[in-house]
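What the coordinates show
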Amino acid sequence: MIRGFPVMLDFFAQTAMRSTNTESIPNALEALKQFTTVVADTGNFESMRAYQPQDATTNPTLIIRALEQPRYAGIVDQVKAAMAAKKVSDRARAVLVSFGCEILKIIPGRVSTEVDARLSFDTQATIAEANAIIAAYAERGIPKSRVLIKIAATWEGLRAVRELEKQGIACNVTLIFSLIQAAAAADAGATLISPFVGRISDWHKKAGAQWATAGEDPGVQSVKRIYAYLKHHRFHTEVMGASFRSVEQVMALAGCDLLTVSPDLLEQLRAMDQESLLERALDPAASAPGQVTAQLNTTESLFRFAMNEDAMATEKLAEGIRLFVADGRKLDARLV
Ligand code: E4P
């Protein structure tokens, strides 16, 4: 009892602090930050100051979209001038790292930089590229503790994650559409995984499915299932919901370790003052009836079989890689 006393005092102090905080929370974005680390999902670093995210994520599509704006053209020009004698792949990496460095001037936490998606089925090339990205950041004075290397959740990508994490390089495993991908990433020791929401919803909508509430959204349900699995089996891997189409999807996952959200949805959350509607949906301590499965066996054959059984995950992973490859080629074309 005596040993528990300070803990109880701490509990009452925290409860009192929370109720005071609730009164002063100005909007739904700040309310969300009470439960979840908010991450900016954009290459447009000038738009992120207003939302004060902890971390930021980029991907090839977001970088290409940012480069379409004239204000970012200077980054490409600088890289072309400074690296005229280098290969296009070195220049492309330098552009991604330049965006990352600018983002890190604004946020206090980590930036995610994606490995060239053309390497998604080559473990050794992925490891080499991840090391080259970390080295390029180091040349600019950025320690690896501020960088997450984003790697697609293919079998080959996951083998690379296992090796990189052993080397002390933190990975964000992306394009996660199924529990088997999440389980295999956690088994590989991934620092963080990005289960996608919106792209799963898109697939089911295209197949004719409908649902009334965000809680019934198959993309939201996928993240909840993955979160419950990782917490129940006590993996250290952080879960970051990604690929959002609406604020309702974001709010339905309040409490997830991290959520990466585009600036337009961050703005909508910031404009919402109904913070009392924002309740914690995910909690590591709470049980999730019907959501927790036994620990999965993530051998190569079982991983591949489970993926093959899941048409949505198979199609969305393949499409996701194709789209990132296409945007990688667009970046190359700007650098020749
Ligand atoms: C972030 O890490 C993801 O790449 C991003 O959320 C994908 O979002 P999208 O499905 O809107 O492209």
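Because the structure is a prediction, the values reported are computed rather than measured.

The rules behind the values
- Residues numbered from 1 in each chain as written.
- Predicted model: local features only at pLDDT ≥ 70, side-chain atom pairs only at ≥ 80, totals over all residues.
- Heavy atoms only, no water.
- Near = heavy atom within 4 Å.
- Polar contact = N/O pair within 3.5 Å; in protein donor to acceptor, adjacent residues only side chain to side chain.
- Areas by Shrake-Rupley, 256 points an atom, 1.4 Å probe, with all protein chains shown as cover.
- 1 Å grid on protein atoms, 1.4 Å probe; cavity = no way out; pocket = protein on both sides within 12 Å on 5 of 7 lines; lining within 4 Å.
- Sits in = over half its atoms within 2 Å of the grid points.
- Salt bridge = Lys/Arg side-chain N within 4 Å of Asp/Glu carboxyl O.
- Helix = DSSP H or I, 4+ residues; strand = E, 2+ residues; numbered from the N terminus.
- Buried < 20%, exposed > 50% of the residue type's maximum accessible area, 1.4 Å probe, protein only.
- Points joined across faces, edges and corners; volume = space filled by probe spheres on them.
- Nonpolar A, V, L, I, M, F, W, Y, C, P; charged D, E, K, R; others polar.

Right, let's get into the site of the ligand. Residues in contact with the ligand, as listed here, are Asp41, Thr57, Asn59, Lys150, Phe196, Arg199, Ala242, Ser243, Arg245 and Thr260. Residue Asp41 places a side-chain N or O atom 2.6 Å away from an oxygen atom belonging to the ligand. A distance of 2.7 Å separates an oxygen atom of the ligand from a polar side-chain atom of Ser243. Summarising the interface, the protein chains cover 87% of the accessible area of the ligand, which totals 350 Å² for the free molecule. Its atoms largely coinciding with the cavity grid, the ligand occupies the largest pocket.

With that settled, consider the pattern of salt bridges. A side chain with one charge may pair with a side chain of the opposite charge, provided their charged atoms come close. Taken as a whole and judged by the stated rule, the model has 17 salt bridges. Between Glu46 and Arg71 there is a salt bridge whose closest N-O contact spans 2.7 Å. Taken together, the residues span a long stretch of sequence, with Glu46 in the loop between β1 (37–41) and β2 (55–57) and Arg71 in the loop between α3 (60–67) and α4 (73–82) at a distance of 25 residues. Assessed through its relative accessible area of 48%, Arg71 is described here as partly exposed. Counted as one network, the salt bridges with shared partners bring together Asp55, Arg110 and Glu238.

Take empty space enclosed by the protein next. Tallied over the full model, the rule gives one cavity of 30 Å³ or more. Its boundaries defined by the atoms lining it, the largest cavity holds a volume of some 70 Å³. If you go around the largest cavity, the residues you meet are Glu114, Val115, Asp116, Ala117, Leu119, Ser120, Thr126, Lys150, Ile151, Ala152, Leu175 and Phe324. The class makeup of the residues in the lining of the largest cavity is seven nonpolar, two polar and three charged.

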